[in-house]
Amino acid sequence: QVQLVESGGGLVQTGGSLRLSCVASGLTVSTYTMGWFRQAPGKEREFVASIIWNNSIYCADSVKGRFTISRDNAKNTMYLQMNSLKPEDTAVYCCAADRFVIYGTSWHPASWGQGTQVTVSA
């Protein structure tokens, strides 16, 4: 059974940084497509970033140059380093996984975490 548990969210000022973690069980992060999505109040959920088996990375234009996705295979954990945060980054951030290789940013994941709240104050 796949389980994804996020942590690392919180309240930060504009321009600050946070690192989100997603600990996975029931799968191997190095062989799965792993990624992050976010959903702001009143908005649809949107793709943030993903990493696939060969370490190729896909990012939404809105976070390029500010957010970095990575994984630690030994810890079976994925991360999202978020720098230069803006108020519009405020959202619930969810970890996602899929056993299929997903190329690009159009993705409907099979598995989801519960999410962690990120709030960026102006």
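Our structure's up above, just so we're on the same page.
Everything quoted here is computed from the prediction, not taken from an experiment.

A.B. asks: Please clarify how the overall build of the protein should be interpreted in this entry.
C.D. replies: Of regular secondary structure, the protein possesses 0 helices and 11 strands. In the protein, the order of α-helices and β-strands from amino to carboxyl end is β-β-β-β-β-β-β-β-β-β-β. Here the C-alpha atoms of the protein give a radius of gyration of 13 Å, agreeing with the 14 Å that 2.2 N^0.38 yields for 122 residues. By principal-axis analysis of the C-alpha atoms, the protein measures approximately 40 × 25 × 25 Å. Here the protein holds 122 residues, and 47% of them are scored as buried. Sequence-distant contacts in the protein: of pairs separated by 6 or more residues, those separated by 24 or more amount to 58%. Surface exposure of the protein reaches about 6,300 Å², of which carbon and sulfur atoms provide 48%.

A.B. asks: Just to check I follow, could you spell out the packing of aromatic side chains for this structure?
C.D. replies: Taken as a whole and assessed by the stated rule, the structure comprises 3 aromatic pairs. Plain terms: the ring middles of Phe37 and Trp107 are 5.6 Å apart, the flat faces sit at 55 degrees to each other, and that makes the pair tilted. Of this pair, Phe37 sits in strand β4 (residues 33–39) while Trp107 sits in the loop between β9 (91–98) and β10 (111–112), placing them 70 residues apart in sequence. Note on Phe37: relative accessible area 6%, which makes it buried. Accessibility expressed as a relative area gives 6% for Trp107, which makes it buried.

A.B. asks: How should the sheet that holds strand β3 (residues 18–25) be read in this particular structure?
C.D. replies: Backbone hydrogen bonds hold the strands of a sheet together, and the pairing may be parallel or antiparallel. The 4 strands lie next to each other as β1-β3-β8-β7, forming an open sheet whose pairing is antiparallel. Only two strands of the sheet have a single neighbouring strand rather than two, namely β1 (3–7) and β7 (67–72). Strand-to-strand twist in this sheet, taken as the mean axis angle between neighbours without regard to direction, amounts to 20 degrees. In the sheet, β7 pairs with strand β8 (residues 77–82) via 6 bridges, with the strands oriented antiparallel. Opposite Thr68, over in β8, you have Gln81 as the bridge partner.

A.B. asks: Honestly, unusual backbone geometry in this entry has me stumped. Any pointers?
C.D. replies: In most cases, non-glycine residues show a negative phi, while peptide bonds are predominantly trans. Of note, Asn55 is a non-glycine position whose phi angle comes to about 70 degrees, a positive value. The residue Asn55 is located in the loop between β5 (46–51) and β6 (57–59) in this model. The phi dihedral of Ser84 falls on the positive side, at around 50 degrees, and the residue is not glycine. Position of Ser84 among the secondary structure elements: in the loop between β8 and β9.

A.B. asks: Mind showing me how you'd approach the nonpolar core here?
C.D. replies: Burial of nonpolar side chains together is a common tendency in soluble globular proteins. Counting residues in hydrophobic clusters, the biggest one holds 35 residues, and the most contacted among them are Met34, Trp36, Leu80, Met82 and Tyr93. Of the residues forming this core, the biggest block, 5 residues, is contributed by β9. Beyond its immediate chain neighbours, meaning those up to four positions away, Leu80 contacts Leu18, Arg19, Leu20, Trp36, Val48, Ala49, Phe67, Thr68, Ile69 and Tyr93.

Reading the values: the criteria
Residues numbered from 1 in each chain as written. Predicted model: local features only at pLDDT ≥ 70, side-chain atom pairs only at ≥ 80, totals over all residues. Heavy atoms only, no water. Helix = DSSP H or I, 4+ residues; strand = E, 2+ residues; numbered from the N terminus. Rg over C-alpha atoms; globule rule 2.2 N^0.38 Å. Buried < 20%, exposed > 50% of the residue type's maximum accessible area, 1.4 Å probe, protein only. Contact = heavy atoms within 4.5 Å. Areas by Shrake-Rupley, 256 points an atom, 1.4 Å probe, with all protein chains shown as cover. Phe/Tyr/Trp six-rings, centres within 6.5 Å; stacked < 30°, edge-to-face > 60°. Pairing = 2+ DSSP bridges. Axes fitted to C-alpha atoms, helices over the stretch in contact; angles between N-to-C directions. Core = buried A, V, L, I, M, F, W, Y, C linked by side-chain atoms within 4.5 Å.

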